[in-house]
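Here's the letter readout for the chains.
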Amino acid sequence: MVLLCFKEMKKLAFILVLLTALKSKGQSSADSAMVAAVYNHVLTQSEAYEDLRFLCKKVGHRLAGSESADQAILWGERTLKKIGADKVFLMPVEVPQWRRGKAEEASYRYRTDNMGLECFPSLVALGGSVGSTSAIEAQIIEVKSLEELAQLGREKIAGKIVFFNKGLDPMLINTGAAYGGGYPIRGKGPSEAAKYGAVACLIRSLTLADDDYAHTGGTQYDENLPKIPAAALSAKASRELSSALKLDSLLKFRLHLHCQAMERRTQYNVIAEWRGSEHPETYITIGGHLDSWDIGEGAHDDGAGIVQSIQVLRTLKAIGYQPKCTIRIVLFINEEFGNDGGETYAKVCKEEGLVHRAALESDGGGFTPRGFMNEMSDAQFERLMTWKPLLEPYGLHLFRRGGSGVDIRPLQDNKIALFGLSVDTQRYFDYHHSGNDVFEQVNKRELELGAAAMASLIYLVDMYGFE
Ligand SMILES: [Zn+2]
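Peer 1: How do you make sense of the packing of helix 3 (residues 48–59) against helix 8 (residues 299–318) when you look at a structure like this?
Peer 2: Helix packing for two helices is described by the angle between their axes and how far apart those axes are. At a closest axis distance of 9 Å, the pairing of helix 3 and helix 8 adopts a crossing angle of 140 degrees. Accordingly, the angle class assigned to the pair helix 3 and helix 8 is oblique. Helix-helix and strand crossings are classified by hand; for helix 3 and helix 8 the assignment is right-handed. Each of A48, D51, L52, L55 and C56 in helix 3 lies in contact with helix 8, whose residues at this interface are A299, G303, A304, I306, V307, I310, Q311 and R314. Across the contact of helix 3 with helix 8, the residue classes tally to nine nonpolar, two polar and two charged.

Peer 1: For this particular structure, what's the right way to read the layout of surface pockets?
Peer 2: Empty space among the atoms becomes apparent when a probe as large as a water molecule is rolled across them. Approximately 1,000 Å³ is the volume attributed to the largest pocket. Along the wall of the largest pocket there are 40 residues; nearest its centre are G176, Y179, D363, Y428 and F429. Going through the elements one at a time, helix 6 (175–195), strand 14 (369–375), strand 15 (417–423) and helix 12 (428–431) are the ones with two or more residues in the lining of the largest pocket. Looking at which element gives the most residues to the lining of the largest pocket, the answer is helix 6, with seven residues. As a volume, the second largest pocket reaches approximately 470 Å³. If you go around the second largest pocket, you meet 19 residues; those closest to its centre are V355, H356, D413, K415 and I416. The set of elements that each furnish at least two residues to the lining of the second largest pocket consists of helix 9 (340–351) and strand 13 (355–361). By residue number, the principal contributor to the lining of the second largest pocket is helix 9, which donates four residues.

Peer 1: Is there a simple way to think about the coordination of the zinc ion in this case?
Peer 2: Around a metal, the ideal angle is 109.5 degrees if four donors adopt a tetrahedral arrangement and 90 or 180 degrees if six donors adopt an octahedral arrangement. Distances from the zinc ion to its protein donors, H289 (NE2), D301 (OD), D363 (OD) and D363 (OD), fall at 1.9 to 2.7 Å. For the zinc ion, the four donor atoms in the first shell make angles of 52 to 148 degrees at the metal, so the coordination geometry reads as irregular. Each donor residue of the zinc ion lies on the same chain, and together they follow the pattern H-x11-D-x61-D. Of this pair, D301 sits in helix 8 while D363 sits in the loop between strand 13 and strand 14, and the two are 62 residues apart along the sequence. By relative accessible area, D301 is classed as buried at 4%.

Peer 1: How should I be thinking about the pairing of strand 11 (residues 279–289) in this particular structure?
Peer 2: On a regular strand, one side chain projects to one face of the sheet and the next to the other, so that they alternate. Of all 11 residues making up strand 11, eight are buried, and the element is well covered by its neighbours. Taken together, strand 11, helix 8 and strand 12 (residues 325–332) constitute a β-α-β crossover, and its handedness is right-handed. In terms of strand pairing, strand 11 meets strand 13 through six bridges, oriented parallel. Across the sheet, residue I284 finds its bridge partner in strand 13, namely A358.

Peer 1: In this structure, what is going on with the sheet that holds strand 3 (residues 115–119)? I would like to understand it.
Peer 2: Hydrogen bonding along the main chain pairs the strands of a sheet, whether they run parallel or antiparallel. The strand order 3-2-9-5-6-7-8-4 describes an open sheet built from eight strands, whose pairing is mixed. Each having just a single partner strand, strand 3 and strand 4 (123–125) make up the two edges of the open sheet. The average undirected angle you get between the axes of adjacent strands in this sheet is 30 degrees. Set on the sheet, helix 5 (residues 146–157) makes contact with strand 5 (136–143) and strand 6 (161–164); between it and strand 5 the angle comes to about 135 degrees.

Peer 1: Explanation requested: the packing of aromatic side chains in the structure shown.
Peer 2: Aromatic rings in a pair are described by how distant their centres are and how their planes are angled relative to each other. The full count for this structure, using the stated rule, is 16 aromatic pairs. Note on Y179 and Y183: the rings are 6.3 Å apart at their centroids and 55 degrees apart in plane angle, and the pair reads as tilted. Placement of both Y179 and Y183 in helix 6 is noted, with a separation of four residues, approximately one turn of the helix. Ring centres 6.3 Å apart and planes at 80 degrees place the aromatic pair F372 and F419 in the edge-to-face group. With F372 in strand 14 and F419 in strand 15, this pair connects stretches of sequence that are 47 residues apart.

Peer 1: I keep staring at the sheet that holds strand 13 and nothing clicks. Help me out?
Peer 2: As summarised here, the arrangement of the seven strands in space is 1-10-12-11-13-15-14, forming an open sheet in which the pairing is mixed. The open sheet is flanked by strand 1 (87–99) and strand 14, the only strands paired with a single partner. If you compare each strand with its neighbour and ignore which way they point, the axes differ by 20 degrees on average. Looking at chain direction, strand 10 (residues 260–274) and strand 12 are connected through five bridges and run antiparallel. Within the sheet, the bridge partner assigned to A272 lies in strand 12 and is I329. Each of strand 1, strand 10 and strand 12 is contacted by helix 4 (residues 67–82), which is oriented at about 5 degrees to strand 10, the strand it contacts most. With respect to the sheet, helix 8 is in contact with strand 10, strand 11, strand 12 and strand 15, its orientation differing from that of strand 11 by roughly 145 degrees.

Cut-offs used in this document
Residues numbered from 1 in each chain as written. Predicted model: local features only at pLDDT ≥ 70, side-chain atom pairs only at ≥ 80, totals over all residues. Heavy atoms only, no water. Axes fitted to C-alpha atoms, helices over the stretch in contact; angles between N-to-C directions. Helix = DSSP H or I, 4+ residues; strand = E, 2+ residues; numbered from the N terminus. Parallel < 35°, antiparallel > 145°, perpendicular 65-115°, else oblique. Left-handed = near helix turned anticlockwise from the far one by under 90°. Contact = heavy atoms within 4.5 Å. Nonpolar A, V, L, I, M, F, W, Y, C, P; charged D, E, K, R; others polar. 1 Å grid on protein atoms, 1.4 Å probe; cavity = no way out; pocket = protein on both sides within 12 Å on 5 of 7 lines; lining within 4 Å. Points joined across faces, edges and corners; volume = space filled by probe spheres on them. Donors = N, O, S within 2.8 Å, 3.2 Å for Na, K, Ca; no water. Tetrahedral: all angles 85-135°; square planar, octahedral: opposite > 155°, others 65-115°. Buried < 20%, exposed > 50% of the residue type's maximum accessible area, 1.4 Å probe, protein only. Right-handed = clockwise from strand over helix to strand, strands pointing away. Pairing = 2+ DSSP bridges. Phe/Tyr/Trp six-rings, centres within 6.5 Å; stacked < 30°, edge-to-face > 60°.

Following this line, the structure appears as structure tokens:
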């Protein structure tokens, strides 16, 4: 133990000497040394992976409003206190409460070659779905889009279960854009189906994988229309149901969901503050969302962003950095079902007159980082581009304009620079909101590279800002 401390002190002294020496040779050499020190620390001493293991395996999934989300808040507070923040506090946030209840029941029988086959498809209720007192049994009408649904109209739809069988567009290289294209069916599909008299709604999971995991996610009912049960079938189950319908278009699908919504309640954003030495009144916020859906472990979405954000503070402190601005780590609550944490945080910051220089979020999974999405002025973007040579050696070359993070976007005004860690998301939607989003699916090194990328950017933003 003593030996370790001594080693750490030696390392710190070395970095400080190196920095002083490099200062005389110009800013960029010193900055290169600083970025190298960040990476060296994260890649050899990061605790992010073990933090993620604890969050996933000991706390588990953490739907906002649930008791496991309470546990996650306590864990976040305890962890942030341990890493030496100047102040750790909880910000009250009103969140919805929704419970899936006991496991969904789904089955159908269809006839082929004079044989009756019974299927039990893999399916999960969509977040916010209503349940029903007894099972619903009805014929299926398969559609590909909201437009096709409207064309069929009440005559063809009333009394049936609408099945939106539309996969994400595989031709889009940006998987986030593919997800964005599929999202309206999950968000609005159930109410649109109810408008024409449907008794329930099924969607194909919003995934690019072809497997048997069903993916949940929030749906938003239109308050002026009847609320009908809504669920997502796995990609495989969707394919099989579609094939069965071709053989037996009159088959009956039986669905029983046990979901229930309850009163809203108070939970918390967990916030750690590290006071700035030169501009303590100027803030930089870094974060991810602590809540997850109630299946899987919320490992990529967004346990990864949480533990990376915590690691940023740990690493910058460990290498002896003294921030100019006040740095905040924010573990937001309830991004998934209403963005209450992000909205409340921005509202409180505004009420308190907090001036933000920048905010950074990681919410694309713990995959290999490629750069930073950004929402900022042209002048700020020009400044960002001057840092590119420092970041490119670490594989950070994508600086796509537009997009940052759902939790930090409410902070947006015409001055703040918003960043989102941009990662390789080709596999993200294989796991997203499913029972397969578990700790084992996160690669330690990829997770750490993300944390190092974030800490490096925060160093540059804090040092040089955007004036
Ligand atoms: Zn997320």
